[in-house]
Every structure is written in C-alpha cells, then in structure tokens.
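An overview of the molecular structure
So the chains spell out like this:
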Amino acid sequence: IENSVQFRRLRDQMLFTRKNPLKKIYAEIIGESSDNTHNIRLINRGSNQLVLRNYVVLRKEGLVGRIKSVSSFQSIVQLITDHRSRVSALIQRNRNRGLIYGTRDGIEMRQINLHAKIKIGDRVITSGLGGLYPKGILIGWVKEIRHQPHELFKTAVLDSAVNFNQIEEVFVIVPSKSDSHLFFD
C-alpha cells in the first residue's frame, strides 16, 4: 500500500502540515462547478468543523483559493482561477507588485508597473496586502509577459503551482487569534 499513488500524495500533504505552523483543517473535494463564469469546489468541511467564510485554502504546492460560503458540513471554495477572484501578489525576486486575476484558463498577474523587470520563470507569491491571504504563499511562475504600447501596465501569464484539474484534498487555514480580524468583513 505504501507505494500507491494515493498514499504518497496524502503522505506528502500531511508532512506539509507538520512542517508548517499554521493551524489547518484537512478537507476532501466532493464536488465541483467549472462553467464559463465560476470556478469553485465543494469540500466536506463546514461550520461544524470550524470553517468560516474567507478562510484561505491551500495545498503544499501553493495557493488554491478561499472559502466563499459555509454550511454545517460543507463549504464552497472559490479557486484563484475563478474570474471573480483577486489576489494581491508580488514577484519574489524583486518585490514588484500586481494583482492575480482568474481567467477561464488559468491565472494572470495584472497591473504590474510598466518599468518592472520581469523574467520568465519568476516566482509569484501572495503579498499579504489586502488582508485576506497571508504573505508568502506560492501562487506560480511567470510563463509569458504581455504589454501593449498603449497600456500603462504589464501583464504576466502564470503557470499555477497547483494543478487545479487534479486536486482531491486541500487544507483550510485557521487564522491565529492575532490574524482573525483580517478574515471578516
């Protein structure tokens, strides 16, 4: 059994929770909706397991999204690929900032300063600004840089750290008491 793919995948995710000090709730994905406008997943944890709206959802590979709504035993996760999703981010190498937008096909970092030096392969992480996502969670890597002459900003198309087509389990981050004010509107 130790060589099974599922065992290895779960073991890797669980080792991640031990090494990482944030309090996490393990959850399995039990449903999905990926139509033209929404990109969401249903998980098997809810308010009875202390999950609350706007809690951050991730895997050891990187950022997945946030809790959009909660019932007693289930919650809806809005993926960062959802077109309504916005994540404040920065390029790790030089701290240039931008906003992660979900596109139907993936994610883009927009509103990057025109003079920012971006390279293919640059790591993009959460900036911690905006109060929702903690700083330093891996989002992905720059795979393409776009800029039209008339535009005031650059856009970077990213390769996401998480393969959203293959996620079966996630972790919901429970904020520490000192962070809890960030999570409620």
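As the structure is a computational prediction, the values presented were derived from the model and not from experiment. In this convention, every chain numbers its residues from 1, walking through the sequence in written order. The predicted nature of this model means local features are confined to residues of pLDDT at least 70 and side-chain atom pairs, given and counted, to a pLDDT of 80 or more, with totals for whole chains, interfaces and linings taken over all residues. Note that water and hydrogens are dropped before the side-chain values are worked out from all heavy atoms of the structure.

**Quick word on the nonpolar core**
We call a set of buried Ala, Val, Leu, Ile, Met, Phe, Trp, Tyr and Cys residues a nonpolar core when their side-chain atoms join them within 4.5 Å. We call a residue buried when its accessible area falls under 20% of the maximum for its residue type, exposed when it is over 50%, and partly exposed in between, using a 1.4 Å probe and counting protein chains only. Among the nonpolar cores identified, the biggest contains 41 residues, and Val64, Ile100, Met109, Val124, Ile139 and Leu158 are the most heavily contacted of them. A run of DSSP states H or I qualifies as a helix once it reaches four residues; a run of E qualifies as a strand once it reaches two. Both are numbered from the N-terminal end. Per-element tally for this core: the top contributor is strand β12 (residues 169-174), with five residues.

**Quick notes on the confidence of the model for the protein chain**
One number per residue, pLDDT, summarises how confident the predictor is, and it ranges from 0 to 100. Scored by pLDDT, the protein chain has a mean of 87; 82% of the residues are at 70 or more. Segment residues 179-185 is flagged for pLDDT under 50; beyond a separation of four residues in sequence, or across chains, it makes 12 contacts in the model. A contact between two residues is defined here by any heavy atoms of the two lying within 4.5 Å.

**Focus: the sheet that holds strand β7 (residues 97-102)**
When DSSP finds at least two bridges between two strands, those strands are taken to pair. Strand order in the closed barrel formed by six strands is β6-β7-β8-β11-β10-β9, and the pairing between neighbours is antiparallel. Neighbouring strand axes in the sheet, compared pairwise and without regard to direction, differ in orientation by 40° on average. As judged from the three bridges shared by strand β9 (residues 123-126) and strand β10 (residues 138-146), these two strands associate in the antiparallel manner. When the bridges of β10 are listed, Arg123 appears paired with Trp141. To obtain an axis, a line is fitted to C-alpha atoms, over the contacting stretch when the element is a helix, and the angle between two such axes runs from 0 to 180 degrees between their N-to-C directions.

**A few points about the pairing of strand β5 (residues 75-79)**
Among the five residues in β5, four count as buried, and that is most of the element. When strand β2 (residues 39-43) meets β5, the two strands line up antiparallel, connected through four bridges. Along β5, the bridge assignment pairs Leu42 with Ile76. Relative to β5, strand β4 (residues 62-70) is paired through five bridges, and the arrangement is antiparallel. In the sheet register, Arg66 faces β5, and the bridge partner there is Gln78.

**Re the pattern of salt bridges**
For this analysis, a salt bridge means a side-chain nitrogen from Lys or Arg found within 4 Å of a carboxyl oxygen belonging to Asp or Glu. Evaluated as defined, the whole model comprises nine salt bridges. Two residues, Arg146 and Glu108, come together in a salt bridge whose shortest N-O distance is 3.2 Å. Taken as a pair, Arg146 in strand β10 and Glu108 in strand β8 (residues 107-113) lie far apart in primary sequence, 38 residues in all. Look at Arg146 and you get partly exposed, because its relative accessible area is 38%. Several salt bridges converge on common partners, so that one network encompasses Glu108, Arg110, Glu144 and Arg146.

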